[in-house]
Amino acid sequence: MKKLEMKFTNQDGKIVTYTLDKPVEPVNIANVHAAMDEIITQNAFTTTGGDLVEKKSARLVERIVEDIDLG
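Quick look at the structure, then. Quick caveat, the model's predicted, so the values are computed rather than measured. (Residues numbered from 1 in each chain as written. Predicted model: local features only at pLDDT ≥ 70, side-chain atom pairs only at ≥ 80, totals over all residues. Heavy atoms only, no water.)

1. Looking at the overall build of the protein chain
- Secondary structure assignment for the protein chain yields one helix and three strands.
- Reading the protein chain from its N terminus to its C terminus gives the helix and strand order β-β-α-β.
- For the C-alpha atoms alone, the extent of the protein chain along its principal axes is close to 50 × 30 × 15 Å.
- By residue count, 24% of the 71 residues in the protein chain fall in the buried class.
- Intrachain contacts of the protein chain at a sequence separation of at least 6 include 58% that bridge at least 24 residues.
- About 5,500 Å² of surface is accessible on the protein chain, with carbon and sulfur atoms providing 50% of the total.
- Of the charged side chains in the protein chain, 9 are positive and 12 negative; the average position of the first set lies 3 Å away from that of the second. (Helix = DSSP H or I, 4+ residues; strand = E, 2+ residues; numbered from the N terminus. Buried < 20%, exposed > 50% of the residue type's maximum accessible area, 1.4 Å probe, protein only. Contact = heavy atoms within 4.5 Å. Areas by Shrake-Rupley, 256 points an atom, 1.4 Å probe, with all protein chains shown as cover. Lys, Arg positive; Asp, Glu negative; His and termini not counted. Charge placed at Lys NZ, Arg CZ, Asp CG, Glu CD.)

What follows is the structure, given as C-alpha coordinates:
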(Lines give C-alpha, C1' and ligand atoms only; values in the text may rest on other atoms or scores of the structure.)
Protein backbone atom coordinates (compact mmCIF):
# COMPACT_ATOMS: atom_id res chain seq x y z
CA MET A 1 0.00 0.00 0.00
CA LYS A 2 1.29 3.46 -0.87
CA LYS A 3 1.32 6.33 1.58
CA LEU A 4 1.94 10.05 1.25
CA GLU A 5 4.37 11.37 3.88
CA MET A 6 4.34 15.10 4.55
CA LYS A 7 7.22 16.44 6.61
CA PHE A 8 7.10 19.74 8.46
CA THR A 9 9.44 21.69 10.73
CA ASN A 10 8.03 22.78 14.09
CA GLN A 11 8.99 25.76 16.27
CA ASP A 12 11.76 23.75 17.95
CA GLY A 13 13.29 23.00 14.55
CA LYS A 14 12.37 19.31 14.72
CA ILE A 15 10.94 17.37 11.79
CA VAL A 16 7.34 16.14 12.19
CA THR A 17 5.86 13.62 9.75
CA TYR A 18 2.19 13.07 8.96
CA THR A 19 1.13 10.17 6.77
CA LEU A 20 -1.94 9.69 4.59
CA ASP A 21 -2.94 6.21 3.42
CA LYS A 22 -3.95 5.52 -0.18
CA PRO A 23 -3.19 8.91 -1.78
CA VAL A 24 -4.74 9.82 -5.12
CA GLU A 25 -2.35 8.94 -7.93
CA PRO A 26 -0.72 10.39 -9.81
CA VAL A 27 0.13 12.79 -7.00
CA ASN A 28 -0.66 16.41 -7.87
CA ILE A 29 2.22 18.51 -6.53
CA ALA A 30 0.13 21.69 -6.39
CA ASN A 31 -2.49 19.91 -4.25
CA VAL A 32 0.19 18.61 -1.87
CA HIS A 33 1.60 22.15 -1.50
CA ALA A 34 -1.90 23.53 -0.90
CA ALA A 35 -2.75 20.85 1.68
CA MET A 36 0.51 21.39 3.56
CA ASP A 37 0.01 25.18 3.51
CA GLU A 38 -3.51 24.72 4.86
CA ILE A 39 -2.30 22.44 7.67
CA ILE A 40 0.18 25.14 8.72
CA THR A 41 -2.31 28.02 8.32
CA GLN A 42 -5.07 26.27 10.27
CA ASN A 43 -2.62 25.05 12.93
CA ALA A 44 -4.32 21.69 12.42
CA PHE A 45 -1.89 19.61 14.49
CA THR A 46 -0.01 20.24 17.70
CA THR A 47 3.41 18.89 18.56
CA THR A 48 5.47 18.84 21.73
CA GLY A 49 7.92 21.12 19.92
CA GLY A 50 5.35 23.81 19.16
CA ASP A 51 3.38 24.75 16.07
CA LEU A 52 4.28 23.60 12.58
CA VAL A 53 6.04 26.50 10.91
CA GLU A 54 7.45 25.27 7.60
CA LYS A 55 7.05 22.62 4.90
CA LYS A 56 10.12 20.39 4.79
CA SER A 57 9.31 17.75 2.15
CA ALA A 58 6.79 15.25 0.87
CA ARG A 59 7.21 11.79 -0.57
CA LEU A 60 5.26 8.80 -1.79
CA VAL A 61 6.22 5.63 0.07
CA GLU A 62 5.39 2.05 -0.81
CA ARG A 63 6.11 -0.78 1.59
CA ILE A 64 6.20 -4.36 0.43
CA VAL A 65 6.05 -7.11 3.06
CA GLU A 66 6.81 -10.72 2.25
CA ASP A 67 6.29 -13.40 4.88
CA ILE A 68 9.01 -16.02 5.26
CA ASP A 69 7.84 -19.58 5.92
CA LEU A 70 9.98 -20.92 8.75
CA GLY A 71 8.34 -24.29 8.24
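From this point on, the discussion continues.
2. A short note on helix H1 (residues 29–41)
- For H1, built from 13 residues, the straight-helix expectation of 18 Å at 1.5 Å per residue is met to within 8% by its first-to-last C-alpha distance of 18 Å.
- Those residues of H1 lying buried are Val32, Met36 and Ile39. Relative to the axis of H1, the buried residues are bounded by an arc of 55 degrees and lie together on one face. Facing away from the buried side of H1 by more than 90 degrees, the exposed set consists of Ala30, Asn31 and Thr41.
- Buried residues along H1 sit against strand E1 (2–10) and strand E3 (52–62).
- After H1 finishes, the residue asparagine 43 shows a positive phi value of roughly 50 degrees. (Expected span 1.5 Å × (residues − 1). Arc of directions from axis to C-beta.)

3. A few points about the environment of threonine 41
- You can see threonine 41 is positioned in helix H1.
- Taking C-alpha positions, threonine 41 is 16 Å from tyrosine 18, a pair spaced 23 residues apart along the chain.

4. Points about the sheet that holds E1
- In space, the three strands of this open sheet follow the order E2-E1-E3, with antiparallel pairing throughout. The two strands at the open ends of the sheet, each matched to only one other strand, are strand E2 (15–21) and E3. Mean inter-strand twist for the sheet, computed between neighbouring axes without regard to direction, equals 20 degrees.
- The pairing of E1 with E3 spans nine bridges and is classified as antiparallel. The residue of E3 that forms the bridge with lysine 7 is serine 57.
- Against the sheet, H1 contacts E1 and E3, and its axis sits at roughly 140 degrees relative to E3. (Pairing = 2+ DSSP bridges. Axes fitted to C-alpha atoms, helices over the stretch in contact; angles between N-to-C directions.)

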